[in-house]
Amino acid sequence: MHESCLCRSESQFWFGVRRDQPAFTSSSSEPLPPADFSGAMAQGVGAAVGIDLGTTFSVVAVCRKGKVEVLANDDGSRITPSVVAFFQGESYVGQAAEEVAAPATNRVFDAKRLIGRPWSDENIHADKKLWPFEVVEENGTPRIQVKVSNKRREIFAPEEISAMVLKDLKKTAEDALGQTVTKAVITVPAYFNERQRQATKAAGAIAGLEVVGMINEPTAAAIAYGLDNGSSAKKTVFIYDLGGGTFDVSVMVIQGSEFRVVASGGDTHLGGQDFDARLLNHCLQDIKAKRGLDLQNDKQSIRELRKACEFAKRKLSSLSEASVTAFLTRHDWGYNTRITRAFFQDLCADLFQKTIILTEQVLADSKLQRGAIDEVVLVGGSTRIPKVRALLAAFFGGKELRHSVNPDEAVASGAAVRAAVLTGDTQANKLVKLKDVTPLSLGVDIVGGRFSVIIPKNSPLPCKNTKYYFTIEDNQSSITSEVFQGERPLVKDNHSLNKKVTVAVPIKPEGQAGVDITFAIDVDGLLTVTSVEPTTGRSQKVQITQKEAQLSDADIQAMIEKAKRFQREDNDALREVQERLRAQRFF
């Protein structure tokens, strides 16, 4: 029987052995002393880095001797576009992918909006309309189909695209540090579910990285702010993290080296890309009205317009008016329109307001009043939008917003210290004591399709809880429970983790046999579920592995082999391409 009922309410909730784990040191503009290596590339265990794997941009940082350094790529930039392009049988990442002469259909971005999601996710189908690359369904999951050369098409999982970005960041770190990089802590949105987290971890494995841990993005940002602030006074801080594709908020208590997450929440599909899409849709309608051109299925023109819209959006953060200017190659026509800041704000008003609604929800979860928040900290590039700042300041009664930390680099810096801590750096270990929480409730299905919560949302990590479930029929021979995640009372409205536990029970009348189901979450937010029949000891244990992220070990190995095929065979040729692109950009 798939459903079961909760039999006893006295099951105890407990948090296991509390682990106070440092996560990060303050970013410093002072460069780190050069590392002492005896060879050109030190081998062995390898360095550990922190990576902010963003929707639009990604950043890599390292923590050494108690200091954090954000590392620059070959272009001299500390942020790398999360873009992969395919051209003439080769793959390009970052700025090179933005500038190589590949067709729009071969330029892939927004992998973070696909990773770990099922094909049935309505957001995928909405985004598909404006993506120039082709997204197809394979075994219930989204895949990206690309014509990698004139004669060959290939299908990539979102994890593979993310892995290419991660591999490029790995190389950036190795070039900067002069040693191999084998371990990383990767950041994830606080509201990522288990499948999305494991899919992100799988991307790291494909890139050749051991993902020693994951840290929620607003938590990492809070650590950056706390250490940069340097105060030992107790403060309750609200982290507002609005990036390119995701939105996260967290309430944290910071006192010296102690960082405690009180509540967190957000939306994994809300950010700068959505603001770009609003402006892009306006321009598409404007072109149709003025020229009679329907560009909805014109991938090349959409890419050209999207870039122009993003540029105008950035300009509107400092100017009251900006132009959307794009030359539409396929139509040999230049489009130009003026957009005022007020008009842009009206286009995105409901999206901006949604961030305030989520802010209010998380504050309610924390059981704190607005006046109890000492500081409001801005993180993420989209917090540069004036209307976003005005709405947030008004919500907190005119409180001055803090933007002293670099909004693009803070998250990677927090991850760098977490990586140092998890790989045994004693200096990093002294700087931060971190207590995080689980962002979503976890539980099982019970009779009537109801959702029985075993670990509530915002439970401190690590945590563990056991509940007892009994049979609902006479002579029932087993109890099967499916694992769900979410906040709705019915399982059909929550997110299935595609995992079930089944245990045989003694044949008895209804309600006289049952199982203890235990949920345990580690400090990285990853889940283990165990079901035990108490009289016989029969049990089944499951974990949320790469398979729940729609990837088997064989899938990952195949992706690793495919990634190797797209490596440059000649590093000199790679440097030549990059130098040519840089020269073209300069002139």
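- In the annotation of an unreviewed UniProt entry, the entry for the protein chain reads Heat shock 70 kDa protein II-like isoform X1, and the organism field reads Thrips palmi.
- What UniProt states about the protein chain under its Sequence similarities (unreviewed entry) heading is, verbatim, "Belongs to the heat shock protein 70 family."

Here's the deal with the overall build of the protein chain
Part 1: Helix and strand content of the protein chain: 14 helices and 30 strands.
Part 2: Taking all 587 residues of the protein chain together, 56% fall into the buried category.
Part 3: Contacts in the protein chain between residues at least 24 apart in sequence constitute 69% of all its contacts with a sequence separation of at least 6.
Part 4: For the protein chain, the computed accessible surface area is about 24400 Å², with 47% contributed by carbon and sulfur atoms.

Some thoughts on helix H5 (residues 217-229)
Part 1: With 13 residues, H5 extends 18 Å from end C-alpha to end C-alpha; this agrees with the ideal 18 Å at 1.5 Å per step.
Part 2: Among the 13 residues that make up H5, eleven are buried, leaving the element largely enclosed by the rest of the structure.
Part 3: Restricting attention to buried positions, one finds in H5 the residues Glu217, Pro218, Thr219, Ala220, Ala221, Ala222, Ile223, Ala224, Tyr225, Gly226 and Leu227.

A short note on helix H6 (residues 272-291)
An α-helical turn contains 3.6 residues, so a residue and the one three or four places further along point in the same direction.
Part 1: Given a rise of 1.5 Å per residue, 20 residues ought to cover 28 Å, and the 28 Å separating the end C-alpha atoms of H6 matches this to within 8%.
Part 2: Restricting attention to buried positions, one finds in H6 the residues Gly272, Gln273, Asp274, Phe275, Asp276, Ala277, Leu279, Leu280, Cys283, Leu284, Asp286 and Ile287.
Part 3: At its buried positions, H6 is contacted by strand S15 (235-242), helix H7 (299-315), strand S18 (321-328), strand S19 (333-340), helix H8 (341-347) and helix H9 (349-366).
Part 4: Among the residues trailing H6, Gly292 stands out with phi positive, at a value near 75 degrees.

Brief notes about the nonpolar core
Part 1: The biggest cluster of nonpolar side chains holds 51 residues, and the ones touching the most others in it are Val49, Ile51, Phe86, Ile161 and Leu166.
Part 2: With eight residues, helix H3 (residues 158-177) is the largest single contributor of residues to this core.
Part 3: Among the nonpolar cores identified, the runner-up in size contains 50 residues, and Ala277, Ala312, Leu351 and Leu392 belong to it.

With respect to the sheet that holds strand S8 (residues 90-93)
Part 1: The sheet built from three strands is open, its strands ordered S8-S7-S9 with antiparallel pairing. The open sheet is flanked by S8 and strand S9 (107-108), the only strands paired with a single partner.
Part 2: Judged from the four bridges that link them, strand S7 (residues 84-87) and S8 form a sheet pairing that is antiparallel. Bridge assignment links Phe86 to a residue of S8, and that residue is Ser91.
Part 3: Its contacts with the sheet place H3 against S7, S8 and S9, and it is angled at close to 100 degrees to S7.

Remarks on the confidence of the model for the protein chain
Part 1: With 84% of its residues at a pLDDT of 70 or more, the protein chain shows a mean pLDDT of 85.
Part 2: This stretch, residues 1-44, has a pLDDT under 50; its non-local contacts, to residues over four places away or in other chains, come to 131 contacts.

Structural notes on the UniProt feature "coiled-coil region" (unreviewed entry) in the protein chain
Part 1: Taking the UniProt record as the reference, the feature "coiled-coil region" (unreviewed entry) is found at residues 295-322.
Part 2: Annotation note: span residues 295-322, helix share 61%, strand share 7%, distance between end C-alpha atoms 22 Å.

Some remarks on the side chain of Ser58
Part 1: Inspection of the secondary structure assignment puts Ser58 in strand S4 (residues 57-64).
Part 2: Separated by 3.2 Å, the side chain of Ser58 and the backbone nitrogen of Gly54 make a polar contact.
Part 3: Not counting the four nearest positions on each side in its chain, Ser58 is found in contact with Asp52, Leu53, Arg78, Ile79, Thr80, Ser82, Val165 and Leu169.

Some details on the packing of H9 against helix H10 (residues 386-395)
Part 1: As a packed pair, H9 and H10 sit with axes 10 Å apart at the nearest point and diverge in direction by 35 degrees. H9 and H10 meet at a crossing whose hand is right-handed. Taken together, the residues of H10 that come into contact with H9 (itself represented by Phe352, Gln353, Ile356, Thr359, Glu360 and Leu363) are Lys387, Val388, Leu391, Leu392 and Phe395.
Part 2: Of the residues assigned to the contact of H9 with H10, the class counts are seven nonpolar, two polar and two charged.

Describing empty space enclosed by the protein
Over the atoms, a rolling probe the size of a water molecule traces out where space has been left empty.
Part 1: On inspection of all chains with the given rule, the structure shows six cavities of 30 Å³ or more.
Part 2: In this structure, the second largest cavity spans a volume of roughly 80 Å³.
Part 3: With three residues, H3 is the single largest residue contributor to the lining of the second largest cavity.
Part 4: The class makeup of the residues in the lining of the second largest cavity is six nonpolar, four polar and two charged.

Description of the packing of aromatic side chains
Part 1: Considering all chains together, one arrives at nine aromatic pairs under this definition.
Part 2: Ring centres of Phe344 and Phe352 lie 6.3 Å apart, and the angle between their planes is 70 degrees; this geometry places the pair in the edge-to-face category.
Part 3: For Phe352, a relative accessible area of 1% translates into the label buried.
Part 4: A cation over an aromatic ring shows up here: Arg370 above the ring of Phe395, its NZ or CZ 3.8 Å from the ring centre.

Conventions we followed
- Residues numbered from 1 in each chain as written.
- Predicted model: local features only at pLDDT ≥ 70, side-chain atom pairs only at ≥ 80, totals over all residues.
- Heavy atoms only, no water.
- UniProt positions renumbered as here; feature names shortened; annotations may be inferred.
- Helix = DSSP H or I, 4+ residues; strand = E, 2+ residues; numbered from the N terminus.
- Buried < 20%, exposed > 50% of the residue type's maximum accessible area, 1.4 Å probe, protein only.
- Contact = heavy atoms within 4.5 Å.
- Areas by Shrake-Rupley, 256 points an atom, 1.4 Å probe, with all protein chains shown as cover.
- Expected span 1.5 Å × (residues − 1).
- Core = buried A, V, L, I, M, F, W, Y, C linked by side-chain atoms within 4.5 Å.
- Pairing = 2+ DSSP bridges.
- Axes fitted to C-alpha atoms, helices over the stretch in contact; angles between N-to-C directions.
- pLDDT = per-residue confidence, 0-100.
- Polar contact = N/O pair within 3.5 Å; in protein donor to acceptor, adjacent residues only side chain to side chain.
- Left-handed = near helix turned anticlockwise from the far one by under 90°.
- Nonpolar A, V, L, I, M, F, W, Y, C, P; charged D, E, K, R; others polar.
- 1 Å grid on protein atoms, 1.4 Å probe; cavity = no way out; pocket = protein on both sides within 12 Å on 5 of 7 lines; lining within 4 Å.
- Points joined across faces, edges and corners; volume = space filled by probe spheres on them.
- Phe/Tyr/Trp six-rings, centres within 6.5 Å; stacked < 30°, edge-to-face > 60°.
- Lys NZ or Arg CZ within 6 Å of the ring centre and 35° of its normal.

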